[in-house]
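# Per-entry structural report
Spelled out, the chains give:
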Amino acid sequence: MLTKELLADYIDAGAAKKKADLVIQNGTLINVNTGEYYPADVAVYKDKIVAVDPDVSDYIGEDTKKIDATGKYLAPGLIDCHIHVECSKMGMTRFAQAVVPRGTTSIITGFDEYISVLGLKGLDDIFAEVDASPLKVFWGIPYKTPYTIPTSTIAYNIEGADHDEYQTHENCYGVWETVREAVQTKEPTTMQALVAARKNHQPIFGCSPMARGKELNEFLMSGVQVDHESYDHEEFLEKARKGIHIVVRESAVTQFLKENIRAITEGAAGAARHTSFCSDDVNARYILENGHIDHMVRLAIKAGVDPMTAIQMATINGAEACKIDGQVGSIAPGKDADILLVDQPGTFNIQSVISKGQIVTEDGVNKFDYQIPERSAALVHTVQRDLTTAADFEYHVDITNGTAEVETINSIGPFVRKRRDVELDVVDGVVQPDPEKDVALVSVLERYGINGNQSLGFISGWSFKKGAIATTAAPDDNNIVVAGVSREDMALAVNTLIENDGGQVVVIDGEVVSFLPLPIAGIASDLEPEALAQKEVELDQAAQQIGSRLPDPIFYLSFLPITAIPDLAITDGGNVDYPKLSYFDPILKVTAK
């Protein structure tokens, strides 16, 4: 926390009256403010950059550490401008361990998944963990929770009064992920959040997939300034032309950069200055195999974007759009000491990382001691649900034997779900799943001990032949989601998660084939990134044994309760038709024999 005394020290350090703790010499600066490359030395005092000059000899004292950057370029730390960090399944320390060595020194997030389980007060432990890590977090209070329409069950609902209180907190940097439908319906908490944001001069971050024309105009009247949802380059360009800062998304499953970047390379080159990057939802395996925001810089360059422009997208552009450029986004006096040493702009391979003024990696060697904090009982015992039986997953209808025409939630992509009607057999009053017709059962169970809700429905596009999969990590409400073609296996999968306070599991023929414990709020783990990535591989392999041909079945499963994904979803409240903003009955017609 900045005090008058600390500010005085910074001012003296800027004048070289106090000597630097660290200097970087003989490097070439990537100046994202002016778009220039030139030789420069950098001096760091505590966690701030105090000088960027041709020679910083005056800043060097007896205890100053020196880094020789001969032949290397100096880039600002990278910023992920929109991420649900909980979806990585890594606790904050482990997430920092995965991304900071790859150049990401700042993220913008809402911690909405943690809030759904722990409430706003429960974030104190999370912020304390972040403070002890080399990662910087700029938090935006979610416009409301839960995001689901109709409302699903979570442990804590953000109300308008929370915005009146938390938007003025020191660690609040905006209103997080305001969805178009909440604006369209003039949802009361949303309206209060937006009015408070204007009063408090907070940026409003939006979410408006496929919004065009009048729908987009309507949305922009809310005051949204940043949006991370563009499904194609034409949507991107319309939003950019209407003044939105566009955040291009590239995650483990949703890879939009190649398409979106066409708005710049084929459309309007000027849009680049109002574009940044985000990963949104990413896992350990993807980060370890590809990188993080550094990977997006390389992808953009490969797609034809000038290296300086691509680096600006990963740094200053997002910092300015999110109004954090006074702290991060460039290498300049007064900014936080988040500095990368890279081989050259065109290849952008990161060799050393300084974050919060500390050397995190030097020439690829880790220098930071990642310490896992002691976990409180409130953080690791969050699944409150009675054990289930196979009978809990029977979908009963009012005939004994015959057929039922059902509306399935058909997954045709990670962020597209459409209606598919299928005729299924009814035996002894229960609708049967049918692997031959590619129809499995799905259920969402409330897990906070609030109301005991459970929904039942049908999914297609998964190719399940046997078994079941389940997860407690499932935005936007992180209830238990289970799918399968065996009710017995579905019960075992759910019970495994209940008994272990959360996780992800694959069950086949009465046997737990693969299980990943997620004890932190039922959504994250303290496993090291490499160990977690291996568990992700094991889960995928196990899911393939049940016949799924999806690229990441557990990921698809966890996203089924997100109602904002067009067009269908399922929450603990029921099956959701999002265009209608209402529940639907999946049983269309029954015919008795």
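Residues numbered from 1 in each chain as written. Predicted model: local features only at pLDDT ≥ 70, side-chain atom pairs only at ≥ 80, totals over all residues. Heavy atoms only, no water.

Here we have eight strands laid out as an open sheet, ordered E6-E7-E8-E9-E10-E11-E12-E13, and parallel in their pairing. Only two strands of the sheet have a single neighbouring strand rather than two, namely strand E6 (78-80) and strand E13 (275-278). Two strands pair when backbone bridges link them, and strand E12 (residues 245-249) and E13 are joined in this way by four bridges, in the parallel orientation. Paired with arginine 249 across the bridge in E13 is cysteine 278. The sheet contacts of helix H7 (residues 188-200) involve strand E9 (172-179) and strand E10 (204-207), and relative to E9 the element is tilted by about 145°. Against the sheet, helix H13 (residues 293-302) makes contact with E6, strand E7 (104-109), E12 and E13, and its axis sits at roughly 130° relative to E13, the strand it touches most. (Pairing = 2+ DSSP bridges. Helix = DSSP H or I, 4+ residues; strand = E, 2+ residues; numbered from the N terminus. Contact = heavy atoms within 4.5 Å. Axes fitted to C-alpha atoms, helices over the stretch in contact; angles between N-to-C directions.)

Next up on the list: the pattern of salt bridges. If the charged atoms of two oppositely charged side chains come close together, the side chains can form a pair. A complete count under the given rule lists 26 salt bridges for this structure. With a shortest N-O distance of 4.0 Å, arginine 94 and glutamate 528 are connected by a salt bridge. A residue pair is termed long-range when its members are at least 10 positions apart, and arginine 94 in helix H2 (residues 92-99) and glutamate 528 in the loop between strand E27 (511-517) and helix H18 (529-545) qualify at 434 residues. Across the pair aspartate 526 and arginine 375 runs a salt bridge, and its minimum N-O distance is 2.7 Å. Taken together, the residues span a long stretch of sequence, with aspartate 526 in the loop between E27 and H18 and arginine 375 in the loop between strand E17 (365-366) and helix H16 (377-380) at a distance of 151 residues. Exposure remark for arginine 375: the relative accessible area of 19% places this residue in the buried category. The network of salt bridges with common partners includes Lys48, Lys136, Asp336 and Asp338. (Salt bridge = Lys/Arg side-chain N within 4 Å of Asp/Glu carboxyl O. Buried < 20%, exposed > 50% of the residue type's maximum accessible area, 1.4 Å probe, protein only.)

This brings us to the UniProt feature "domain: Adenine deaminase C-terminal" (unreviewed entry) in the protein. In this numbering, the UniProt entry assigns the feature "domain: Adenine deaminase C-terminal" (unreviewed entry) to residues 416-578. Note that residues 416-578 is 22% helix and 36% strand, and that its end C-alpha atoms are spaced 12 Å apart. (UniProt positions renumbered as here; feature names shortened; annotations may be inferred.)

For the rest of this paragraph, the subject is the nonpolar core. Of all hydrophobic cores here, the largest spans 117 residues; its most connected members are Phe111, Trp139 and Phe277. The two domains that each donate at least three residues to this core are domain 1 (76-326) and domain 2 (388-590). Dropping the residues within four chain positions of it, phenylalanine 111 is found in contact with Val85, Glu86, Met92, Leu123, Ile126, Phe127, Val130, Val137 and Trp139. Grouped together as the second largest cluster of nonpolar side chains are 29 residues, Val383, Ala470, Met490 and Val494 included. (Core = buried A, V, L, I, M, F, W, Y, C linked by side-chain atoms within 4.5 Å. Domains from an automatic or database assignment.)

This paragraph deals with the side chain of serine 208. Structurally, serine 208 is set in the loop between E10 and helix H8 (213-220). Judged by relative accessible area, serine 208 falls into the buried class, the value being 0%. A distance of 2.7 Å separates the side chain of serine 208 from the side chain of aspartate 227, its partner in a polar contact. (Polar contact = N/O pair within 3.5 Å; in protein donor to acceptor, adjacent residues only side chain to side chain.)

This brings us to the sheet that holds strand E30 (residues 582-584). One open sheet holds the three strands; their spatial order is E28-E29-E30, and the pairing between them is antiparallel. In the strand order of this sheet, the two ends are held by strand E28 (568-571) and E30, each with one partner. Ignoring which end each strand starts from, the neighbouring axes of this sheet average 45° apart. Strand direction decides the pairing type here: strand E29 (residues 574-577) and E30, joined by three bridges, are antiparallel. The residue of E30 that forms the bridge with aspartate 577 is serine 582.

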